[in-house]
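# Fold and contact review
One-letter residues, chain by chain:
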Amino acid sequence: MRIGIVSDSHGDTRMFEKMLAVPGAAEAEMWLHAGDFAPDADDLEILSEKSVARVLGNCDLFVDGVYEEAVVEVAGHRIFLTHGHLFNVRFDTAMLQEAAREAGADIAVYGHTHVALEEHGEVTVLNPGSIARPRDEQRGSFMLVDLNAGETPQVNLIRI
């Protein structure tokens, strides 16, 4: 199963149109939005016609029914989704990995730093960077991830 991962759209939902035009993006069966701005996920849901799991980020105000953490079960994997600001991710992912393990997750997805990251270990850690305000490149980024039960996620970081 293919999923899309995006974060830190900061109200620039025009980037979703560019993102969804990338070959393979329309094949994502669902999307994860790792916060900042969680309400942008509504626009992504409309544009992609797919469900979008979302969490609140440090720039989000309260959104009814949306929390700072979520666990999503997809294709035999358990994904711990958070923005990351509560887990000290600017320095390392140790706290995030521990929270994912405690949630029984084998994948942790976060945003916040606006810098893309992929780490494989006991917990696969993924940060798609920022679709709208990247700090590691001049172009926004997102991820397409192919998931199969019992297999390591196949991650494709895409810059637009």
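Before reading on, note that the structure itself is shown above.
Residues numbered from 1 in each chain as written. Predicted model: local features only at pLDDT ≥ 70, side-chain atom pairs only at ≥ 80, totals over all residues. Heavy atoms only, no water.

Before going further, it helps to examine the pattern of salt bridges. Evaluated as defined, the whole model comprises eight salt bridges. A salt bridge links Glu27 to Arg2, with the shortest nitrogen-to-oxygen separation between them at 3.1 Å. Of this pair, Glu27 sits in the loop between helix 1 (14-20) and strand 2 (30-33) while Arg2 sits in strand 1 (residues 2-6), placing them 25 residues apart in sequence. Accessibility expressed as a relative area gives 21% for Arg2, which makes it partly exposed. Across the salt bridge formed by Arg78 and Glu73, the nearest N and O atoms sit 2.4 Å from each other. The network of salt bridges with shared partners includes Arg2, Glu27 and Asp146. (Salt bridge = Lys/Arg side-chain N within 4 Å of Asp/Glu carboxyl O. Helix = DSSP H or I, 4+ residues; strand = E, 2+ residues; numbered from the N terminus. Buried < 20%, exposed > 50% of the residue type's maximum accessible area, 1.4 Å probe, protein only.)

Looking now at the pairing of strand 7 (residues 116-119). Two strands pair when backbone bridges link them, and strand 7 and strand 8 (residues 124-128) are joined in this way by four bridges, in the antiparallel orientation. Note on strand 8: the bridge partner recorded for Leu117 is Asn127. Between strand 7 and strand 8, which pair antiparallel and follow one another directly, the connecting turn spans four residues. (Pairing = 2+ DSSP bridges.)

Another point: the side chain of Ser130. As for its placement among the helices and strands, Ser130 is situated in the loop between strand 8 and strand 9 (141-146). Residue classification places Ser130 among the buried residues on the basis of a relative accessible area of 0%. Polar side-chain contacts of Ser130 include one of 3.2 Å to the backbone nitrogen of Ala132. Here Arg133 takes part through its backbone nitrogen, which lies 2.7 Å from a polar atom of the side chain of Ser130. Ignoring sequence-local partners within four residues, the contact set of Ser130 consists of Ser7, Asp8, His114, Gly140 and Ser141. (Polar contact = N/O pair within 3.5 Å; in protein donor to acceptor, adjacent residues only side chain to side chain. Contact = heavy atoms within 4.5 Å.)

Turning to helix 2 (residues 40-48), a few remarks are in order. Every buried residue of helix 2 is listed here: Asp40, Ala41, Leu44 and Ser48. Burial along helix 2 is one-sided: seen end-on, the buried residues are contained in an arc of 100°. Contacts made by the buried residues of helix 2 are with strand 1, helix 1, strand 2 and strand 3 (51-54). Looking one or two places after helix 2, you find Glu49, whose phi comes out positive at around 60°. (Arc of directions from axis to C-beta.)

It is worth stressing that arrangement in space is one thing and function is another; only the former is reported here.
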